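Each chain, letter by letter, is given below.
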Amino acid sequence: MQITFYIIFFIFGSILGSFYNVVIYRLPRKESIVVGSSHCPGCNTPIKPYDLIPILSYFILGGKCRSCKKPYSFRYPLIEFITGCLFALTYHVYGYTWLTLIGIVLASILLIITMIDIDTMEIYDTFQIILFFLAIAFITQSGLPLGDHLIGFFIISVPFYIIALITNGMGGGDIKLIAIGGLLLGWKATLVAFFIASIAGGMIAILLVLLKQQGRKSLIAFGPYLCLGIYIAFLYGNSLFDWYIRLFF
Ligand SMILES: [Zn+2]
């Protein structure tokens, strides 16, 4: 039964998503992500195991701490839900293969990078290193020539680097991200990733101007859009590239 696998991937994703919430919250605060059980950020009361069911607990508790009634951020169930969806989507595209395993790790890392980048405007090297090893793993499975991956490393990162030198406007984290993401994707899918990131970032920027919200600096960080582009390109990049080329030739 196909649907059973989707549900299993979704539940597995949402459980890991609740761990990613811990990572996203604690890493920038320099707290250990393995030591110490989950506690309420308001009153520090440890959260009971039966209140740690992904997504559902938030709604059972009415979005509030059981002890101090302080509201929990809606972000927590949202990230659990999104992780579940990303896992199910990855399975949908790559089925029961190694690529699905690489895909769910990739989705996880990109989601954590996105949230920490939104919170702190920083992309930690630890995650870039994990991405690098993931890229090596994917190169052995992708079926693309090694040269395609190597060109992917440079094709956007070099122009980014030059722009950064000229304008000081591009973060080093973004350059590393599109270099390593490009190594993973190969050059065609890297162009697709960059295209998606630019469109998504551009649309949000226009929306912010219209809503007079340009002050929301966190939404202008380019990292999250790159993450979105890299993941979509991982799933559909080469077919999107071929489709786009066929439109013109
Ligand atoms: Zn509390």
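Up top you'll find the structure we're talking about.
Residues numbered from 1 in each chain as written. Predicted model: local features only at pLDDT ≥ 70, side-chain atom pairs only at ≥ 80, totals over all residues. Heavy atoms only, no water.

1. A few points about the coordination of the zinc ion
Let me state the cut-off plainly: For Na, K and Ca the donor cutoff is 3.2 Å, while for all other metals N, O and S atoms must lie within 2.8 Å; water is not among the atoms, so some sites may look incomplete. Square planar and octahedral sites, with four and six donors, are those where opposite donors lie more than 155 degrees apart and all other angles lie between 65 and 115, tetrahedral sites have four donors with every angle between 85 and 135 degrees, and the rest are irregular. Summary of the burial criterion: residues with accessible area below 20% of their type's maximum are buried, those above 50% are exposed, and those between are partly exposed, where the area comes from a 1.4 Å probe applied to protein chains only.
Those protein atoms acting as donors to the zinc ion are C40 (SG), C43 (SG), C65 (SG) and C68 (SG), and they sit at 2.3 Å. Every donor counted, the 4 donor atoms about the zinc ion form angles of 104 to 114 degrees at the centre, which fits tetrahedral coordination. Given a relative accessible area of 30%, C43 falls into the partly exposed group. Under the relative-accessibility criterion, C65 is labelled buried at 3%.

2. Topic: the layout of surface pockets
This is how the line gets drawn: Using only the protein atoms, space was sampled on a 1 Å grid; points where a 1.4 Å probe fits but cannot get out form cavities, open sets with protein on both sides within 12 Å along at least five of seven lines form pockets, and lining residues are those with an atom within 4 Å of a point. Grid points are joined across faces, edges and corners, and a volume is the space filled by probe spheres set on the points. Only DSSP runs of H or I with at least four residues qualify as helices, and only runs of E with at least two residues qualify as strands; both kinds are numbered from the N terminus onward.
If you add up the space inside the largest pocket, you get close to 550 Å³. Together, 26 residues line the largest pocket, and S18, V22, S38, I47 and L52 are the ones closest to its centre. If you list the elements that add at least two residues to the lining of the largest pocket, you get α1 (2–26), α2 (56–60) and α3 (75–94). A per-element tally of the lining of the largest pocket places α1 first, with 6 residues.

3. Considering the packing of aromatic side chains
Rules: Two rings from Phe, Tyr or Trp (for Trp, the six-membered ring) form a pair when their centres sit within 6.5 Å of each other. Planes less than 30 degrees apart are called stacked, planes more than 60 degrees apart edge-to-face, and all others tilted. Working rule: Lys NZ or Arg CZ, within 6 Å of ring centre, within 35 degrees of ring normal, means a charge sits over the ring.
Taken as a whole, this structure holds 20 aromatic pairs when the rule is applied. With 6.0 Å between their ring centres and 50 degrees between their planes, F160 and F222 make a pair best called tilted. Taken together, the residues span a long stretch of sequence, with F160 in helix α7 (residues 157–167) and F222 in the loop between α9 (187–210) and α10 (223–248) at a distance of 62 residues. Between Y244 and F248, the ring centres sit 5.2 Å apart and the planes meet at 65 degrees, which makes this aromatic pair edge-to-face. On the criterion of helical spacing, the pair formed by Y244 and F248 is a turn pair, its members being 4 residues apart in helix α10. On the accessibility criterion, F248 (54% relative accessible area) is exposed. An aromatic cluster is built from F5, Y6, F9, Y91 and Y96, whose rings are joined through pairwise contacts. We note R29 situated over the ring of Y25; from NZ or CZ to the ring centre the distance is 3.7 Å.

4. Describing the nonpolar core
For clarity, the cut-off: Residue types Ala, Val, Leu, Ile, Met, Phe, Trp, Tyr and Cys, when buried and joined through side-chain atoms within 4.5 Å, form a set referred to as a nonpolar core. Just so you know, the domain bounds were taken from an automatic or database domain assignment. Every residue pair with non-hydrogen atoms within 4.5 Å of one another is taken to be in contact.
Counting residues in each nonpolar core, the largest one holds 55 residues, and the members touching the most others are L131, L177 and F234. Of all the elements in the fold, those that place two or more residues in this core are α1, α3, α4 (98–120), α5 (125–139), α7, α8 (172–185), α9 and α10. With 12 residues, α4 is the single largest residue contributor to this core. Taken domain by domain, this core gets at least three of its residues from each of domain 1 (1–96) and domain 2 (124–249). When residues no more than four places from it in sequence are discounted, the contact partners of F234 are Y94, L99, I102, G103, L106, F138, L184 and L185. In terms of nonpolar packing, the next biggest core, distinct from the first, is built from 5 residues, C40, Y58, L61 and C65 among them.

5. Remarks on the pattern of salt bridges
We apply this condition: Every case where a carboxyl oxygen of Asp or Glu lies within 4 Å of a side-chain nitrogen of Lys or Arg is listed as a salt bridge.
Counted according to the given criterion, the structure contains 3 salt bridges. The shortest N-O distance in the salt bridge between R75 and D119 comes to 2.9 Å. Of the two residues, R75 is situated in helix α3 and D119 in helix α4; the sequence distance between them amounts to 44 residues. Of the charged contacts in the structure, one is a salt bridge between D125 and K176, with a shortest N-O distance of 2.7 Å.

6. A look at α8
As a reminder, the rule being used: Under the convention used throughout, the expected extent of a helix is 1.5 Å for every residue step, that is, one less than its residue count.
Look at α8: 20 Å from first C-alpha to last across 14 residues, which is about the 20 Å you get at 1.5 Å a residue. Most of α8 sits out of view: 11 of its 14 residues are buried. Of all the positions in α8, only D174, I175, L177, I178, A179, I180, G181, G182, L183, L184 and L185 are classed as buried. Those residues of α8 that are buried lie in contact with α4, α5, α6 (146–155), α7, α9 and α10. Looking one or two residues past α8, G186 carries a phi angle of roughly 85 degrees, positive in sign.

7. Side note on the side chain of H149
Cut-off, in case you're wondering: Identification of polar contacts relies on pairs of N or O atoms within 3.5 Å, with a donor-acceptor requirement for protein atoms, meaning one able to donate a hydrogen and the other able to accept it, and with residues adjacent in sequence counted only if both atoms are side-chain atoms.
Tracing the backbone shows H149 in helix α6. On the basis of relative accessible area, H149 is assigned to the buried category, the value being 0%. A polar side-chain atom of H149 sits 2.8 Å from a polar atom in the side chain of S142. Here L183 takes part through its backbone oxygen, which lies 2.8 Å from a polar atom of the side chain of H149. Excluding residues that lie within four positions of it along the chain, H149 makes contacts with F138, I139, S142, L144, G182, L183, L184, L185 and G186.

8. Things to note about unusual backbone geometry
With a phi close to 60 degrees, I55 is a non-glycine residue in the positive phi region. Looking at the secondary structure, you find I55 in the loop between α1 and α2. Judged by its relative accessible area of 16%, I55 is buried. Phi is positive for M121, which is not a glycine, with a value near 65 degrees. The topology assignment puts M121 in the loop between α4 and α5. For M121, a relative accessible area of 41% puts it in the partly exposed group.

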